Amino acid sequence: MTHDTYDVIVIGGGPAGENAAAYAIAGSDRTAALIERELVGGECSYWACMPSKALLRPAHLLSAARAMPGVSEGLAPGGLKRDAVYARRDAFVSKHDDSSQVQWANNNGIEVIRGSGRLAGERLVRVGDRTLQARHAVVLATGTAASIPDIPGLRAAFPWTSRDATNMHELPKRVVIVGGGVVACECATWFAALGADKVTLLVRGQSLLPKAEPFAGERVASSLRSHGVEILFGTSPQSVDRPAVRDTGEGKIHGGPVTVDLGNSALEADEIVVAAGRAPSTNGLGLATVGIEEGRYVEVDDHMTVRGAKGNWLYAVGDVNGRSPLTHMGKYQARVCGDVIAARAEGHPFEDPKYRATADLHQAPQVVFTAPEVASIGLTEKAAASEGYDVAIAELDIAVAGSALSRDDFDGHAKLVIDKKTRCLVGATFVGPDVGELIHAATIAVVGAVPLETLWHAVPSFPTVSEVWLRLLESLRDQ
Ligand SMILES: Cc1cc2nc3c(=O)[nH]c(=O)nc-3n(C[C@H](O)[C@H](O)[C@H](O)COP(=O)(O)OP(=O)(O)OC[C@H]3O[C@@H](n4cnc5c(N)ncnc54)[C@H](O)[C@@H]3O)c2cc1C
Ligand SMILES: NC(=O)c1ccc[n+]([C@@H]2O[C@H](COP(=O)([O-])OP(=O)(O)OC[C@H]3O[C@@H](n4cnc5c(N)ncnc54)[C@H](O)[C@@H]3O)[C@@H](O)[C@H]2O)c1
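Residues numbered from 1 in each chain as written. Chains lettered and ligands numbered in written order. Predicted model: local features only at pLDDT ≥ 70, side-chain atom pairs only at ≥ 80, totals over all residues. Heavy atoms only, no water.

**Student:** Explain the pattern of salt bridges to me, and be specific about the residues and the numbers.
**Tutor:** Using the criterion set out here, one finds 27 salt bridges in the structure. Residue Arg163 pairs with Glu43 through a salt bridge whose shortest N-O separation is 2.8 Å. One end of the pair, Arg163, is in helix H6 (residues 162–166); the other, Glu43, is in helix H2 (residues 42–47), with 120 residues separating them in the sequence. When the shortest N-O distance is used, the salt bridge between Arg89 and Asp90 registers 2.8 Å. In terms of burial, Arg89 and Asp90 fall into one category: buried. One network of salt bridges, with partners in common, ties together Glu38, Glu43, Arg163 and Arg278. (Salt bridge = Lys/Arg side-chain N within 4 Å of Asp/Glu carboxyl O. Helix = DSSP H or I, 4+ residues; strand = E, 2+ residues; numbered from the N terminus. Buried < 20%, exposed > 50% of the residue type's maximum accessible area, 1.4 Å probe, protein only.)

Shown next as C-alpha cells:
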C-alpha cells in the first residue's frame, strides 16, 4: 500500500470539483489530486447540461426560422435531421472522451487519479488500494444521481434516466416521462421536436416547473401541448410492466413495450423516462468515518466547510451540498471554497465577501431551455412573501419593438418582484424565446441591490428585447 500526500484532495471531477482544485492551488506550489470514477468534467459535460442544450438548440432555431417570412419559404420540408443533431451533440460531449479535460487539469497542476474515492478518517482518502493524505483540505464534489421512485416494476423495467435521454441514439416513438420539473420539461421539448409520435408527461402535482412563477409552468405547458405533448396532472404511475427488458446500452431503447398503470387507465409506450429529481452521491463515501451521516446532502456553511466535521479541513461544493444544484452555482461555490482553502493554507484572513457564498441560496439565476425559455433569478412572489418581504410587482407581456423584430410569433411575459422597503429587486422571471440572454441584467440588479431609481438610468438599447425593462420600470412609476 502506498501513502501519498497532497495539499488538497478533491473527490469528484465535475465542474465544481475541477474549479475547487484549480482555485485552491492557483498561483502557489500547492499540490492537488482530483479523484474521478467516471469522466473528468462530470455529469454536466457528458450527460446533463451540454448534451441537453445541444439537442434543444436546433429545435429553437428551426422554430424561429419557421416563424420568419423570407426564411421559412427556403426551409426543406420535414423537421430536424436527427442524425445531424445527434452528431453535433456527440461532438459537444467529446464522444465521452475526457482527455482534453484531463489535459486542462494537468496544465493547472492538478493530478487526476482514476477511481472511486472515499473518506477514511480525518484528512485521509482511500482510492483503490491507495491511502492519500491531505495536508490542508479534502473537498467533496461528488454530485448527484437520478432518483428512481419506488414504484412497483419501475426499476425492473430498466427505465431511461436523463443519461439516456440526453445521449439518445434511438428515438422512442411513444415515450412516457415521469416528472414535471426541469428535466421532464426540457426532455419533452426535444422528444417532440425530434419527431416522437406521442410524448406523455405524468405529473403528480398540478403544474409544471413548480418552483418557478406559476405563469412560467402555464406557458410551457400550453406550448408543449401545442406541439402534441400530452400532460396528465395529478397522475403518478401505480405500477410499471415491461416483459421484455434488454440491456441495449445508453440511449438505446431498453427492450419491448412498457405498460404504465395509472390506476383508472393504462398507457403503453416504447420507453419510460424517469425525471423525478436527484439524490446526493454520498453512499460509500466514508462520511461516517468523520462523524457525518451518509445518504443525505452534505451540509456546509457559507465558506463551504462541512458542518459537523472538526478542524476546518473538509469542504463540499456543487450538487452534493444541495444548496443550489446548477452548474454555474456549483462553480461559484468552488471558487469560494478554493479561495478559502488557499487563505487558510497561507494563514491569510478571509473576512472579505469573496470568501463567503452569499448568492447561491436566494440569488441564483437559472435558465430552463424549454420553448419558450424560462429565465429567473432570486425569489418568486410566493417565496418572497414567505421570506417576509413586503413586495411590489411589475408584470407584463414582452411586447416591444425588439421582440417584434426578433420573430413574428414572439410571445413572452416578464415579472419583477421588488422589496418595497429597499426599492430593490429580489426576483425576476422572463418567459419567451431566447430570454435566457435577458437574465444577467436582472442578476446584476438583484445581487448589486440596485434601487429602481438607479435602474431608471440603465437605458435599454432600441430595438432590443431588453426594452421590456423600460416598460416594467414605467409600470412601477406610481408605486
Ligand atoms: C439533464 C440535466 C440537464 C441539466 N442542465 C443544466 C443546465 O443547463 N444548466 C445548469 O446550470 N445545470 C444543469 N443541470 C444540473 C447540473 O448538471 C449539475 O448542477 C452539475 O453537474 C453539478 O456539478 P457537480 O460538479 O456538483 O457534480 P457532477 O457534475 O455530478 O460531477 C460529480 C462527479 O463526481 C464523480 N464521483 C461521484 N462520486 C465519486 C467518488 N466516490 N469518487 C470519485 N468520483 C466520484 C462523478 O463520477 C462525477 O463525475 C442539469 C442536470 C441534468 C440532470
Ligand atoms: N436548465 C437547467 O438549469 C437545468 C436543466 C435540467 C436539470 N437541472 C437541474 O437538475 C436537477 C434535477 O432536475 P429534475 O427535473 O430531475 O428535478 P426537479 O426537482 O426539478 O423535478 C422533479 C419532478 O419529479 C416529480 N417527482 C418526484 N418524485 C416523484 C414520484 N415519486 N412520482 C412522480 N413524480 C415525482 C416532482 O414532483 C417534480 O415534478 C434540478 O435541480 C434542476 O434545476 C437544471
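**Student:** For the UniProt feature "binding site: FAD" (unreviewed entry) in the protein chain, give the residues involved together with the corresponding values.
**Tutor:** The UniProt record annotates "binding site: FAD" (unreviewed entry) at Lys53, Gly117 and Asp319. Look at the named residues: they lie 267 residues apart in sequence, and the longest C-alpha span between them is 30.0 Å, so in the fold they stay spread out. Within the secondary structure, Lys53 is located in helix H3 (residues 49–66). Those residues in contact with Lys53, other than ones at most four positions away along the chain, are Glu186 and Phe369. You can see Gly117 is positioned in strand S4 (residues 117–119). Not counting the four nearest positions on each side in its chain, Gly117 is found in contact with Ile11, Ile35, Val125, Arg126, Val127 and Leu285. (UniProt positions renumbered as here; feature names shortened; annotations may be inferred. Contact = heavy atoms within 4.5 Å.)

**Student:** Explain the site of ligand 2 residue by residue, including any values.
**Tutor:** Around ligand 2 sit 22 residues, and of these Gly180, Val183, Glu186, Gln366 and Val367 come closest. Gly181 places a main-chain nitrogen or oxygen 3.3 Å from an oxygen atom of ligand 2. Backbone polar atom of Val367 to a nitrogen atom of ligand 2: 2.7 Å apart, as the coordinates give it. Counted by class, the shell around ligand 2 contains 11 nonpolar, six polar and five charged residues. (Near = heavy atom within 4 Å. Polar contact = N/O pair within 3.5 Å; in protein donor to acceptor, adjacent residues only side chain to side chain. Nonpolar A, V, L, I, M, F, W, Y, C, P; charged D, E, K, R; others polar.)

**Student:** Which residues make up the pairing of strand S9 (residues 198–203), and what are the values?
**Tutor:** When you tally the buried positions in S9, you get five out of six residues, the bulk of the element. Inspection of the sheet shows strand S8 (residues 174–178) paired to S9 by five bridges, in the parallel sense. Its bridge partner lying in S9, Ile177 is registered against Leu201. You can see the chain leave S8, run along helix H7 (residues 182–193) and come back into S9, and the turn it takes is right-handed. Direction of pairing for S9 relative to strand S10 (residues 230–233): parallel, over a ladder of four bridges. The residue bridging Leu201 from the neighbouring strand is Ile231, located in S10. As a crossover connection, the stretch from S9 through helix H8 (residues 214–226) into S10 is right-handed. (Pairing = 2+ DSSP bridges. Right-handed = clockwise from strand over helix to strand, strands pointing away.)

**Student:** Residue-level account of the site of ligand 1, with values.
**Tutor:** Neighbouring ligand 1 are 36 residues, the closest being Glu36, Lys53, Gly117, Asp319 and Thr327. Note that an oxygen atom of ligand 1 is positioned 3.4 Å from one of the backbone N or O atoms of Pro325. Between ligand 1 and His328, the relevant distance is 3.2 Å, taken from an oxygen atom to a side-chain nitrogen or oxygen of the residue. In isolation ligand 1 has 1,000 Å² of accessible area, and contact with the protein removes 92% of it. At the level of elements, helix H1 (15–25), strand S2 (32–36), H2, H3, H6 and helix H9 (327–346) are the ones that each hand at least two residues to the shell around ligand 1. (Areas by Shrake-Rupley, 256 points an atom, 1.4 Å probe, with all protein chains shown as cover.)

**Student:** Tell me about the sheet that holds strand S20 (residues 413–419), and name the residues and values.
**Tutor:** Ordered by their spatial adjacency, five strands build an open sheet running S17-S18-S21-S20-S19, and the pairing between neighbours is antiparallel. Looking at which strands have only one partner, the edges of the open sheet turn out to be strand S17 (365–368) and strand S19 (391–397). Neighbour-to-neighbour, the strand axes of the sheet open up by a mean angle of 10°, direction not taken into account. Direction of pairing for S20 relative to strand S21 (residues 424–432): antiparallel, over a ladder of seven bridges. Bridge pairing links Leu416 to Ala428 in S21. Lying on the sheet, helix H12 (residues 439–447) is in contact with S17, strand S18 (373–378) and S21; it crosses S21 at an angle near 170°. Running at roughly 135° to S19, helix H14 (residues 468–475) makes contact with S19, S20 and S21 of the sheet. (Axes fitted to C-alpha atoms, helices over the stretch in contact; angles between N-to-C directions.)

**Student:** Got a sec to walk through the packing of H3 against helix H4 (residues 82–92)? Specific residues and values, please.
**Tutor:** Between H3 and H4, the shortest axis-to-axis distance is 9 Å and the interhelical angle comes to 150°. By the criterion of interaxial angle, the relationship of H3 to H4 is roughly antiparallel. The handedness of the crossing between H3 and H4 is right-handed. Across from Met50, Pro51, Ala54, Leu55 and Pro58 in H3, the residues of H4 making contact are Val85, Tyr86, Arg88, Arg89 and Phe92. Among the residues forming the contact of H3 with H4, the class breakdown is eight nonpolar, no polar and two charged. (Parallel < 35°, antiparallel > 145°, perpendicular 65-115°, else oblique. Left-handed = near helix turned anticlockwise from the far one by under 90°.)

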